[in-house]
Amino acid sequence: MELWNSSTWGSSFILVGILNDSRAPELLCATITVLYMLALASNGLLLLVITTDVRLHVPMYLLLGQLSLMDLLFTSVVTPKALMDYLRRENSISFGGCALQMFLALTLGGAEDLLLAFMAYDRYVAICHPLNYMIFMSPRVCWFTVTTSWILASLSALGHTVYTMHFPFCMSSEIRHLLCEIPPLLKLACADTSRYELMVYVTGVTFLLLPLSAIVASYTLILFTVLHMPSKEGRKKALVTCSSHLTVVGMFYGAATFMYVLPSSFHSPKQDNIISVFYTIVTPALNPLIYSLRNKEVMGSLRRVLGKYVLPVYPTH
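What counts, and where the lines are drawn
- Residues numbered from 1 in each chain as written.
- Predicted model: local features only at pLDDT ≥ 70, side-chain atom pairs only at ≥ 80, totals over all residues.
- Heavy atoms only, no water.
- UniProt positions renumbered as here; feature names shortened; annotations may be inferred.
- Helix = DSSP H or I, 4+ residues; strand = E, 2+ residues; numbered from the N terminus.
- Salt bridge = Lys/Arg side-chain N within 4 Å of Asp/Glu carboxyl O.
- Buried < 20%, exposed > 50% of the residue type's maximum accessible area, 1.4 Å probe, protein only.
- pLDDT = per-residue confidence, 0-100.
- Contact = heavy atoms within 4.5 Å.
- Expected span 1.5 Å × (residues − 1).
- Bend = angle between axes of the 7 residues up to and from the residue.
- Pairing = 2+ DSSP bridges.
- Disulfide = S-S within 2.5 Å.
- Phe/Tyr/Trp six-rings, centres within 6.5 Å; stacked < 30°, edge-to-face > 60°.
- Axes fitted to C-alpha atoms, helices over the stretch in contact; angles between N-to-C directions.
- Core = buried A, V, L, I, M, F, W, Y, C linked by side-chain atoms within 4.5 Å.

Visitor: Is there a simple way to explain the UniProt feature "transmembrane region" (unreviewed entry) in the chain in this structure?
Guide: The residues that UniProt annotates with the feature "transmembrane region" (unreviewed entry) are residues 27–49, 61–79, 99–121, 141–163, 198–226, 238–262 and 274–293. Across residues 274–293 one finds 95% helix and 0% strand; the C-alpha atoms that close the span lie 26 Å apart.

Visitor: Hey, could you run me through the pattern of salt bridges in this one?
Guide: Opposite charge on two side chains allows them to pair when their charged atoms are near. In the structure shown here, the tally under the stated rule is 6 salt bridges. The residue R55 makes a salt bridge to D53 at a minimum N-O spacing of 3.2 Å. In this structure R55 comes out as exposed when scored by relative accessible area, which is 56%. Residue D122 is joined to R123 by a salt bridge in which the shortest nitrogen-to-oxygen separation is 2.9 Å. Both residues of the pair, D122 and R123, count as buried. Because the salt bridges share partners, they merge into one network encompassing D53, R55 and R304.

Visitor: Can you help me understand the confidence of the model for the chain in this one?
Guide: Low pLDDT marks regions whose predicted coordinates should not be analysed in detail. Mean pLDDT over the chain works out to 84, with 92% of the residues at or above the 70 mark. No element of the chain has a lower mean pLDDT than strand β1 (residues 3–4), which averages 48, and none a higher one than helix α6 (residues 139–165), which averages 94. Long-range and interchain partners of residues 1–6, a stretch whose pLDDT sits below 50, account for 21 contacts in this model, where long-range means more than four residues apart.

Visitor: Help me understand helix α3 (residues 59–88) in this model?
Guide: Each full turn of the α-helix corresponds to 3.6 residues, which orients residues three or four apart in the same direction. A rise of 1.5 Å per residue sets the reference length of α3, with its 30 residues, at 44 Å; its end C-alpha atoms lie 44 Å apart and thus fit the reference within 8%. Of all the bends in α3, the greatest, near 35 degrees, is centred on S76, and the proline P80 appears no more than four residues after it. Positive backbone phi, approximately 55 degrees, marks R89, located one or two places after α3.

Visitor: Before we go on, may I ask you to explain the pairing of strand β2 (residues 12–15) in this structure?
Guide: In summary, the side chains of a regular strand alternate between the two faces of the sheet. Residue alternation in β2 divides its side chains into a buried set, F13 and L15, and an unburied set, S12 and I14. Sheet topology note: the β2/strand β3 (residues 92–94) ladder contains 3 bridges and is antiparallel. Residue pairing for β3: S12 is matched across the bridge by S94. By the bridge criterion, 2 bridges tie β2 to strand β5 (residues 174–175) in an arrangement that is parallel. Each residue of the ladder has a partner; that of L15, found in β5, is I175.

Visitor: I'm lost on α6 in this one. Help?
Guide: Relative to the 39 Å expected for 27 residues at 1.5 Å per residue, α6 spans 39 Å between its end C-alpha atoms, a close match to the ideal helical length. Against β2, α3, α4 (95–128), β4 (169–170), α7 (182–186) and α8 (194–227) lie the buried residues of α6.

Visitor: Sorry, what's going on with the environment of Y86 here?
Guide: Here Y86 lies in helix α3. With relative accessibility at 11%, the residue Y86 sits in the buried group. Among all residues touching Y86, those that are not within four sequence positions of it are L19, P25, E26, C29 and N91.

Visitor: What should I look at first to understand the state of the cysteines in this one?
Guide: A covalent bond bridging the sulfur atoms of two cysteines is what the word disulfide describes. What the rule picks out here adds up to 1 disulfide. Between the sulfur of C98 and that of C180 lies a disulfide, 2.1 Å long from S to S. The chirality of the disulfide connecting C98 with C180 is left-handed, given an S-S dihedral of about -120 degrees. With C98 in helix α4 and C180 in the loop between β5 and α7, the pair connects residues that are 82 residues apart, well separated along the chain.

Visitor: Whenever I open this one, the packing of aromatic side chains confuses me. Can you help?
Guide: Summed over all chains, the structure comprises 8 aromatic pairs. Between F13 and F169, the ring centres sit 5.4 Å apart and the planes meet at 85 degrees, which makes this aromatic pair edge-to-face. Of the two residues, F13 sits in strand β2 while F169 sits in strand β4, which places them 156 residues apart along the sequence. F13 sits in the buried class, given a relative accessible area of 0%. Seen in terms of ring centroids, Y121 and Y124 are 6.4 Å apart; in terms of plane orientation they differ by 40 degrees. Their pairing is tilted.

Visitor: How should the sheet that holds β2 be read in this particular structure?
Guide: Backbone hydrogen bonds hold the strands of a sheet together, and the pairing may be parallel or antiparallel. Strand order across the open sheet formed by 3 strands is β3-β2-β5, with mixed pairing between neighbours. Every interior strand has two partners, whereas the edge strands, β3 and β5, have only one. Seen against the sheet, α4 touches β2, β3 and β5 and runs at an angle of roughly 85 degrees to β3.

Visitor: I'm lost on the nonpolar core in this one. Help?
Guide: The tendency in soluble globular proteins is for nonpolar side chains to be buried side by side. Core analysis: the largest hydrophobic core is formed by 90 residues, its most contacted members being F13, L116 and L185. Among the elements that make up this core, the one with the highest residue count is α4 (16 residues).

Visitor: Is there a simple way to think about unusual backbone geometry in this case?
Guide: Where the residue is not glycine, phi is negative for most of them; where a peptide bond is considered, it is trans in most cases. The backbone phi angle of R89 is positive, close to 55 degrees, even though this residue is not glycine. As for its position among the elements, R89 is in the loop between α3 and β3. In this structure R89 comes out as exposed when scored by relative accessible area, which is 59%.

Dropping the structure here:
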């Protein structure tokens, strides 16, 4: 079988994403564009509110701001490229571009995965140990969790990107996927990838199921504490905050588990494309809405910020 030199940066792949396989590509393109604009606006507004309102300069909202930043970057790594490829009818991506996209996507996805676990720990401390909250979740601890998420995710992403891209690839360089990701790229490799696929599986289990186990443990303890709260208002506030986080956790971990934990026999290009759209485009658009619409503090801050910067009140004469 003829091979092409995968170490040559002049080589390129063809991304055959969901827009190319859709029966109604124009409608899907418009939908993805709307979702991307919604993701930019909602995450951007949430970041603006958390940054400018001193009332939200607490660990819970610092972590939420990091989640919005990750979502904003994650969807921007994938969506503009997919839309421009469809509009220009040009689906190629260079070897270096593919490697960069894979590294950024893995970094942002891995960082969000770890951050969601730290957010669950933050809620556990706030609800189960409120008197010690500023000890267990001091600004130093908070920034340590954020930094840890970014560093561990980037190191894992770098290792996977370098190892995935070192394989020789066949002349048929079509990636039947929305973006450059490990599973669809390994299908193009003209070498035995079974050992590496096992390593990807082990890494996926470690990066996904261990944080998910921590989240489940945190919310189990939270549930026991909430059920024993004497105040109905306190129970309601705690449940609203936790239900928002659990909704985001369910969407993210469900899609990521499908891609990186389920065996390859359960995958098909069409299913993988749909799942990739879900966690790279749909979830980043919905996350800030899920967190903000049911949060009175965020909505109050949003009104104040919009009133100050967007809708100033002029004196009447």
